[in-house]
Amino acid sequence: MDIISAIKNRQSVKAALLADPAPNDSELRDLLEAGMSAPDHGAVRPWRFKVIRGDDRMRLADLFEAALRAKEPDADAEMIATLRSKPMRSPLIVAVCAVITENHPKVPPVEQVVATACATQNILQAIDASPFGGVLLTGWTAQDVIVKEGLGLAPKDEIIGYLYLGTPTETLRAKKRPEVDPFIETWPA
Ligand SMILES: Cc1cc2nc3c(=O)[nH]c(=O)nc-3n(C[C@H](O)[C@H](O)[C@H](O)COP(=O)(O)O)c2cc1C
């Protein structure tokens with residue numbers, strides 16, 4: 001497939017449809033390397049990839065639970081169990097983070113977030129071109145300071161999302177994408 005068709009046909013795979021085998025360390029490195037060609041004002045390289053594999057997903061579940069208990073002391077067992085189950089859906093998670101350089105003379109925090117998002121998209125595109133599948137998910141935990149701290153981040157930093165990875169258990173059906181024309185305007189009108 002040519003590159004333009006590959007971009008137009010990329011799609012995510014539901015986390016629950018991602019099973020073993022997940023990319024091994026070498027395969028994952030190759031996928032993450034696609035992030036290195038993201039546009040990046042000032043070459044700040046704000047992205048960090050926290051790899052959480054196999055049983056270590058339980059540690060992420062522990063962190064999510066601690067954050068929930070702090071946020072909602074009355075959280076019941078069902079809420080806790082639902083949250084804890086999230087990281088267990090796929091065999092491998094990469095928390096894609098932006099470590100923000102504050103007071104950068106040229107590159108405001110929003111541009112560092114955008115650069116990390118661009119890196120994420122490159123990685124999603126690489127995943128789509130591989131035998132593996134992936135999806136970027138967030139939820140409230142991505143903004144939570146306890147989760148950030150547990151992942152080794154400061155409150156100023158951002159969790160762009162949790163990239164769930166594995167091998168798709170179903171063949172994907174092509175998705176219909178929106179027509180681009182409604183999104184195009186000539187300015188000034
Ligand atoms: C920053 C970000 C966070 C997202 N978080 C969620 C999420 O928490 N839950 C969800 O169902 N989709 C979320 N999505 C959307 C999915 O990643 C995905 O794009 C969506 O399932 C549609 O699939 P597609 O990529 O094939 O169009 C998020 C997307 C982005 C860019």
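Residues numbered from 1 in each chain as written. Predicted model: local features only at pLDDT ≥ 70, side-chain atom pairs only at ≥ 80, totals over all residues. Heavy atoms only, no water.

- For the protein, an unreviewed UniProt entry supplies the name Putative NAD(P)H nitroreductase and the organism Aestuariispira insulae.

Brief notes about the overall build of the protein
- Each helix and strand in the protein was counted, giving six helices and five strands.
- Along the protein, helices and strands appear, N-terminal first, in the series α-β-α-β-α-α-β-α-β-α-β.
- Against the 2.2 N^0.38 benchmark of 16 Å for 189 residues, the protein shows a C-alpha radius of gyration of 18 Å, consistent with a compact globule.
- Dimensions of the protein, computed from C-alpha atoms along their principal axes, come out at roughly 50 × 45 × 40 Å.
- Looking at the 189 residues of the protein, the share that counts as buried comes to 37%.
- Sequence-distant contacts, at least 24 apart, represent 80% of the contacts inside the protein between residues at least 6 apart. (Helix = DSSP H or I, 4+ residues; strand = E, 2+ residues; numbered from the N terminus. Rg over C-alpha atoms; globule rule 2.2 N^0.38 Å. Buried < 20%, exposed > 50% of the residue type's maximum accessible area, 1.4 Å probe, protein only. Contact = heavy atoms within 4.5 Å.)

Quick word on the UniProt feature "binding site: FMN" (unreviewed entry) in the protein
- The UniProt record annotates "binding site: FMN" (unreviewed entry) at Arg10, Gln11, Ser12, His41, Leu136, Leu137 and Thr138. These residues run over 129 residues, and the two farthest C-alpha atoms among them are 27.2 Å apart, placing them at more than one spot. Set against the largest pocket, the annotated residues named above that line it are Gln11 and Ser12.
- Within the fold, Arg10 resides in the loop between α1 (3-9) and β1 (18-19).
- Excluding anything up to four places from it in sequence, Arg10 contacts Gln121, Leu124, Gln125, Asp128 and Arg177. (UniProt positions renumbered as here; feature names shortened; annotations may be inferred. 1 Å grid on protein atoms, 1.4 Å probe; cavity = no way out; pocket = protein on both sides within 12 Å on 5 of 7 lines; lining within 4 Å.)

Let's talk about the UniProt feature "domain: Nitroreductase" (unreviewed entry) in the protein
- With numbering aligned to this structure, UniProt lists the feature "domain: Nitroreductase" (unreviewed entry) at residues 7-166.
- Across residues 7-166, helical content stands at 39% and strand content at 19%; the span's end C-alpha atoms are separated by 20 Å.

Quick notes on the confidence of the model for the protein
- Per-residue confidence for the protein averages 98 on the pLDDT scale, and 100% of its residues sit at or above 70.
- Model confidence for the protein, summarised as mean pLDDT per element, is weakest for α1 at 96 and strongest for strand β3 (residues 92-98) at 99. (pLDDT = per-residue confidence, 0-100.)

What to know about the site of the ligand
- Inspection of the region around the ligand gives Arg10, Gln11, Ser12, Val135, Leu136, Leu137, Thr138, Gly139, Ile160, Lys175 and Arg177 as its neighbouring residues.
- Ser12 has a polar side-chain atom sitting 2.6 Å from an oxygen atom of the ligand.
- Contact between the ligand and Thr138: a nitrogen atom at 3.0 Å from a side-chain N or O atom of the residue.
- Across the complex, the protein chains shield 50% of the 600 Å² of accessible surface that the ligand would expose by itself.
- By residue class, the composition of the shell around the ligand is four nonpolar, four polar and three charged. (Near = heavy atom within 4 Å. Polar contact = N/O pair within 3.5 Å; in protein donor to acceptor, adjacent residues only side chain to side chain. Areas by Shrake-Rupley, 256 points an atom, 1.4 Å probe, with all protein chains shown as cover. Nonpolar A, V, L, I, M, F, W, Y, C, P; charged D, E, K, R; others polar.)

Observations concerning the layout of surface pockets
- Of the volumes computed, that of the largest pocket is approximately 220 Å³.
- Taken together, Gln11, Ser12, Val13, Lys14, Leu17, Val135, Glu170, Thr171, Leu172, Arg173 and Lys175 make up the full set of residues lining the largest pocket.
- The residue inventory of the lining of the largest pocket, partitioned by class, reads four nonpolar, three polar and four charged. (Points joined across faces, edges and corners; volume = space filled by probe spheres on them.)

What to know about the pairing of β3
- Taking burial as the measure, the seven residues of β3 include seven buried ones, the bulk of the element.
- Of the two faces of β3, the one lined by Leu92, Val94, Val96 and Ala98 and the one lined by Ile93, Ala95 and Cys97 are each fully buried.
- Bridging between strand β2 (residues 47-53) and β3 involves seven bridges; their strand directions are antiparallel. Residue pairing across strands places Lys50 opposite Ala95, the latter belonging to β3.
- One ladder, built from seven bridges, connects β3 with strand β5 (residues 158-168); its direction is antiparallel. Of the residues in β5, the one forming a bridge with Ala95 is Tyr162. (Pairing = 2+ DSSP bridges.)

A closer look at unusual backbone geometry
- Here the residue pair Asp20 and Pro21 is connected by a cis peptide bond, since its omega of 0° sits within 30 degrees of zero.
- Along the chain, the position of Pro21 falls in the loop between β1 and α2 (25-33).
- Cis geometry is adopted by the peptide bond preceding Pro188, which originates at Trp187 and carries an omega value of -5°.
- As for its placement among the helices and strands, Pro188 is situated in the segment after β5.
- Located in the positive-phi region is Ala43, a residue other than glycine, with phi close to 50°.
- Examined against the element boundaries, Ala43 turns out to sit in the loop between α2 and β2.

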